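What follows is the residue order along each chain.
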Amino acid sequence: MENGTIFDDVFRTMLEKMPYLAIPLINEVFGTSYPEDIEIIQKRNEHQTQNGRIITDSHLLIANRIYHIECQSTDDATMVIRMIEYDFAISLENVQRENGRYRMYFPQSCVLYLRGTKRKDTIAVELVMPNGSTVEYIVPTVQVQRFTCNDMLQKHLLFLLRYYVIKYEHEKRLDTDSRKWKQFLEEYAEIERYLKESFLEKGNEKAYCDMIELIIRVADYVFRDKENVRKGFGDVMGGKVLELESDKLIQRGIEQGIAMERKKTELERQKAEAEIQRLKKLLEEKNNKQ
């Protein structure tokens, strides 16, 4: 992953591997109550406009409604303009003819801001129609750093969890011998326990490994200039995945060995049975000739 797109890449990877984790976030932002096992259809993210090609971070169809979520790691005063461009392109692709006239359905959209806590809860632009009437286009914002670790775990906002480490990005006291470091590790020990209960203990080893891996990727970028912190964090979180993978390989080897032995034993039994039947047949033929 390139550093400039690490957050977007992790965002899209999460949608690709575990799209169901976006459901609690959508419920939180839009006040819906979708179950996590609801069908999610990932629509095309690439759209062609007069100004060229644009690519959205997400374009989801859930229960006949379109949802669009953008991930933003830096300040951008024109974000609302970009959002209306994206949403207009999406709505054009979903235009419908109803009662003799065309109707465009804009998606339910929001922006995830990964840094900061002091932005407004919405961004907006006023659209002035040719007849002088106005329509206000409003997009809610989600400021990830407003959520505590407990908030994310209690609300099952695991979609945001991999960005939680950004909270410590500019923490000057974060050193592997500091009290802040111990607090940091305690939080991630709690996160790891939660992930283990949510995935590993339910037999979903892949989701567990994917979550840990994505958390580590973000942390590696956030702590790119703090080698000791990056290594210490990787040892703690990464070791969980390595340990799990080694256990799985050992167990898989044992199971394969048992299966091969059973297969071998069964094959030998079948051969012995076939030989017995052959000898019986020869004996019967001999007796019949006598």
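Definitions and cut-offs
Residues numbered from 1 in each chain as written. Predicted model: local features only at pLDDT ≥ 70, side-chain atom pairs only at ≥ 80, totals over all residues. Heavy atoms only, no water. Core = buried A, V, L, I, M, F, W, Y, C linked by side-chain atoms within 4.5 Å. Buried < 20%, exposed > 50% of the residue type's maximum accessible area, 1.4 Å probe, protein only. Helix = DSSP H or I, 4+ residues; strand = E, 2+ residues; numbered from the N terminus. Contact = heavy atoms within 4.5 Å. Salt bridge = Lys/Arg side-chain N within 4 Å of Asp/Glu carboxyl O. Phe/Tyr/Trp six-rings, centres within 6.5 Å; stacked < 30°, edge-to-face > 60°. Lys NZ or Arg CZ within 6 Å of the ring centre and 35° of its normal.

Enquirer: Got a minute to help me understand the nonpolar core in this structure?
Expert: Side chains that are nonpolar tend, in soluble globular proteins, to be buried together. Among the nonpolar cores identified, the biggest contains 62 residues, and Y163, L195 and M211 are the most heavily contacted of them. Take this core: its biggest share by element is twelve residues, from helix α7 (residues 205-222). If we skip the residues at most four places from it in the chain, M211 touches M14, M18, L21, L158, L161, L195 and F199. In this structure, M79, V80, M83 and Y137 belong to the second largest nonpolar core, which totals eleven residues.

Enquirer: Before we go on, may I ask you to explain unusual backbone geometry in this structure?
Expert: Excluding glycine, most residues fall at negative phi; most peptide bonds, likewise, are trans. One non-glycine residue with positive phi stands out, namely N64, at about 65 degrees. For N64, a relative accessible area of 78% corresponds to the exposed category. Unlike most non-glycine residues, N99 shows phi in positive territory, near 55 degrees. The exposed category is assigned to N99, whose relative accessible area is 84%.

Enquirer: For this particular structure, what's the right way to read the pattern of salt bridges?
Expert: A pair can form between side chains of opposite charge whenever their charged atoms are brought close. Tallying each qualifying case throughout the model produces twelve salt bridges. Note that R115 and E169 form a salt bridge whose closest N and O atoms lie 2.8 Å from each other. Pair noted here: R115 is in the loop between β8 (108-113) and β9 (122-128) and E169 is in the loop between α5 (158-161) and α6 (179-198), with a separation of 54 residues, a long-range link. Several salt bridges share partner residues, and in doing so they unite K17, K206 and D210 into one network.

Enquirer: What am I meant to see in the packing of aromatic side chains here?
Expert: Both the distance between ring centres and the angle between the ring planes are used here to describe each pair of aromatic rings. Taken as a whole and judged by the stated rule, the model has 15 aromatic pairs. Both rings, one in F7 and one in Y221, keep their centres 5.5 Å apart while their planes meet at 85 degrees; by these two values the pair is edge-to-face. Taken together, the residues F7 in helix α1 (residues 6-17) and Y221 in helix α7 connect sequence positions 214 residues apart. Both residues of the pair, F7 and Y221, belong to the buried class. Ring geometry for F184 versus F223: centroids 5.9 Å apart, planes at 85 degrees, classification edge-to-face. Placement of the pair is F184 in helix α6 and F223 in the loop between α7 and α8 (227-289), with a sequence separation of 39 residues. Through a chain of ring-to-ring contacts, three or more aromatic side chains come together here, namely Y164, Y168, W181, F184, Y188, F223 and F233. Here the basic side chain of R162 rests over the ring of F159, its NZ or CZ set 4.3 Å away from the ring centre. A cation over an aromatic ring shows up here: R224 above the ring of Y221, its NZ or CZ 4.1 Å from the ring centre.

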